Amino acid sequence: MVLNRSVFRSLCGVVVVGLLAVGCAGADGEQGPAGADGEQGPAGADGEQGPAGADGEQEAAGADGEQGPAGAAGPKGDTGSGGPKGDTGDTGSAGPAGPSSSTDGSACTNAAGVAGTVVSGADSTGLLLAYCLTSPVGTVTTFAGGAQGSADGTGADARFNYPKGVAVDGDGNLYVADSNNHTVRKITLAGEVTTLAGTAGSSGSVDGTGADARFNYPHEVAVDGDGNLYVADTSNHTIRKITPAGVVTTLAGTAGSSGSADGTGADARFTSPNGVAVDGDGNVYVADTYNYTVRKVTPAGVVTTLAGTAGSNGSDDGTSADARFKY
């Protein structure tokens, strides 16, 4: 059922539409004035709006149930201020360039001019590296030498006599303890062999430069980050140092005097040391073979026994002197 406005206004009381009861507006349906303080006044007679009551209280509804006007809204509270905005951080700098665009299997040439094939892989820190591999993996080639002797030369033209130990520096140069020649040799990436220190066939314990120095069956070499070599001069019972310029000095021990004494420089004693290694701080570690111990030599030549007990061999695990080694 649809009621138009004229019909709806002519009805007094209630109009029933289906089950819906609709209340009629009061006569004239006018709005009364707003009460003070936003309070609700009583309804006016005949459907008009009465004034608001004092003090914001709610007055009783007037006759005919009509609504007074709403009071004015109270003031809005202040909005708290926001904290200051932080400065924008600087843009980070670009990282280093990655490996060259060469891919695995592509042709390359190494620093010595030898042709090879690019291979890549991660080192122990996770850094991706690319290498120029000049021989297939697993292929054994003769880098230098081929017959007994002491001749310097390139590749197969060079000669060695019972080489015992090798070490490689940061530039890829190889160093050899050429034991029965009583010399220390150097081999470049191109396979060029020279004698860095000592004279072939002439044993001894002389400090000096290049060919003036003497060794006695050196067995092992190690190289530090500055290119200095450390030599286990086995039959001299000493540890020797060679600078990149070939200057040889005795770091610890006394030639011809074996023993196991800790001490500094010439006061220390070793017995036929066979192996050496060097750490990033320049400390040298020595396999003191016939003392059954591992020794430590500082850059200043101070020697201590790191593990094992001189003269007591075995295989016991343990701390320091409680451990045992055998040759």
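Below is a summary of the structure that appears in this document. None of the values given here were measured: they were computed from a predicted structure. (Residues numbered from 1 in each chain as written. Predicted model: local features only at pLDDT ≥ 70, side-chain atom pairs only at ≥ 80, totals over all residues. Heavy atoms only, no water.)

Points about the packing of aromatic side chains
In plain terms, the rule: Stacked, tilted and edge-to-face are the three classes assigned to paired rings of Phe, Tyr and Trp, where Trp is represented by its six-membered ring and a pair needs centres within 6.5 Å; plane angles under 30 degrees give stacked, over 60 edge-to-face, the rest tilted. A run of H or I in DSSP becomes a helix once it reaches four residues, and a run of E becomes a strand once it reaches two; helices and strands are each numbered from the N terminus. Each residue gets one of three labels from its accessible area relative to the maximum for its type: buried under 20%, exposed over 50%, partly exposed in between, using a 1.4 Å probe on protein chains only.
Tallied over the full model, the rule gives 2 aromatic pairs. Between tyrosine 290 and tyrosine 327, the aromatic rings sit 5.2 Å apart at their centres with planes inclined by 70 degrees, giving edge-to-face as the arrangement. Placement of the pair is tyrosine 290 in the loop between strand S18 (284-288) and strand S19 (293-297) and tyrosine 327 in the segment after strand S20 (302-307), with a sequence separation of 37 residues. Ring geometry for tyrosine 292 versus tyrosine 327: centroids 5.2 Å apart, planes at 75 degrees, classification edge-to-face. Here the residue tyrosine 292 occupies a position in the loop between S18 and S19, and tyrosine 327 occupies one in the segment after S20, the gap between them amounting to 35 residues. By relative accessible area, which is 12% here, tyrosine 292 ends up buried. Here tyrosine 327 falls in the exposed class, since its relative accessible area comes to 54%. An aromatic cluster is built from Tyr290, Tyr292 and Tyr327, whose rings are joined through pairwise contacts.

Details of unusual backbone geometry
Backbone phi values are negative for most residues with the exception of glycine, while trans is the configuration of most peptide bonds. Not every positive phi belongs to a glycine, and histidine 182 is a case in point at roughly 60 degrees. Mapping histidine 182 onto the fold places it in the loop between strand S8 (174-178) and strand S9 (183-187). Unlike most non-glycine residues, serine 320 shows phi in positive territory, near 55 degrees. Structurally, the position occupied by serine 320 is in the segment after S20.

Quick word on the environment of alanine 310
Counted only if it meets this: Whether two residues are in contact is decided by their heavy atoms, any of which lying within 4.5 Å being enough.
Locating alanine 310 in the fold gives a position in the segment after S20. Owing to a relative accessible area of 36%, alanine 310 belongs among the partly exposed residues under this scheme. Each C-alpha atom of the pair alanine 310 and serine 260 lies 6.3 Å from the other, and the pair is 50 residues apart in sequence. Contact partners of alanine 310, with chain neighbours within four places excluded, come to Ser260, Asn291 and Thr293.

With respect to the nonpolar core
Put simply, the rule is: Residues grouped as a nonpolar core are buried Ala, Val, Leu, Ile, Met, Phe, Trp, Tyr and Cys residues, joined through side-chain atoms within 4.5 Å.
Grouped together as the largest cluster of nonpolar side chains are 14 residues, with contacts concentrated most on Val184, Phe215, Val221, Leu229 and Ile242. Within the residue set of this core, elements represented by two or more residues are S8, strand S10 (192-197), strand S12 (218-223) and strand S13 (229-233). Leave out the neighbours within four places in its chain, and valine 221 touches Gly165, Val166, Ala167, Tyr175, Ala177, Val184, Tyr230, Val231 and Val276. In this structure, Val276, Val284, Val286 and Val303 belong to the second largest nonpolar core, which totals 13 residues.

Describing the sheet that holds strand S6 (residues 153-154)
For the record, the criterion: Strands are treated as partners if at least two bridges between them are detected by DSSP.
Pairing in this open sheet of 5 strands is antiparallel, and the strands run S6-S10-S9-S8-S7 from one edge to the other. Either end of the sheet is taken by a strand with one partner, and the two such strands are S6 and strand S7 (163-168). Relative to S9, S8 runs antiparallel, the two being bridged by 5 bridges. The residue bridging aspartate 178 from the neighbouring strand is threonine 183, located in S9.

Some thoughts on the sheet that holds strand S15 (residues 247-252)
Read across the open sheet, the 5 strands follow the order S11-S15-S14-S13-S12; overall the sheet is antiparallel. Each edge of the sheet is formed by a strand with only one pairing partner; in this case those strands are strand S11 (208-209) and S12. Here 2 bridges tie S11 to S15, and the two strands are oriented antiparallel to one another. If you follow threonine 209 over to S15, its bridge partner there is valine 247.

Some thoughts on the pattern of salt bridges
Defined as follows: We count a salt bridge whenever a side-chain nitrogen from Lys or Arg sits within 4 Å of a carboxyl oxygen from Asp or Glu.
Under the definition given, this model contains 6 salt bridges. Among the salt bridges present, the one from arginine 185 reaches aspartate 152, with a minimum N-O distance of 2.9 Å. With arginine 185 in strand S9 and aspartate 152 in the loop between strand S5 (128-133) and S6, this residue pair connects regions lying 33 residues apart in the sequence. Aspartate 233 serves as the salt-bridge partner of arginine 240, at 2.7 Å between the closest nitrogen and oxygen. Accessibility expressed as a relative area gives 1% for arginine 240, which makes it buried. In this structure aspartate 233 comes out as buried when scored by relative accessible area, which is 0%. Here the salt bridges share partners, and the residues they tie into one network are Asp152, Asp178 and Arg185.

Overview of the pairing of S20
The pairing of strand S16 (residues 263-264) with S20 spans 2 bridges and is classified as antiparallel. By the bridge assignment for S20, glycine 263 is matched with valine 303. Relative to S20, S19 is paired through 4 bridges, and the arrangement is antiparallel. The partner of arginine 295 across the bridge, within S20, is threonine 305. The turn joining S19 and S20, which pair antiparallel and follow one another in sequence, is formed by 4 residues; a positive phi near 90 degrees is taken by glycine 301.

Quick look at the environment of valine 221
Topologically, valine 221 is positioned in strand S12. For valine 221, a relative accessible area of 3% translates into the label buried. Residues valine 221 and alanine 277, spaced 56 residues apart in sequence, show a C-alpha to C-alpha distance of 7.7 Å.

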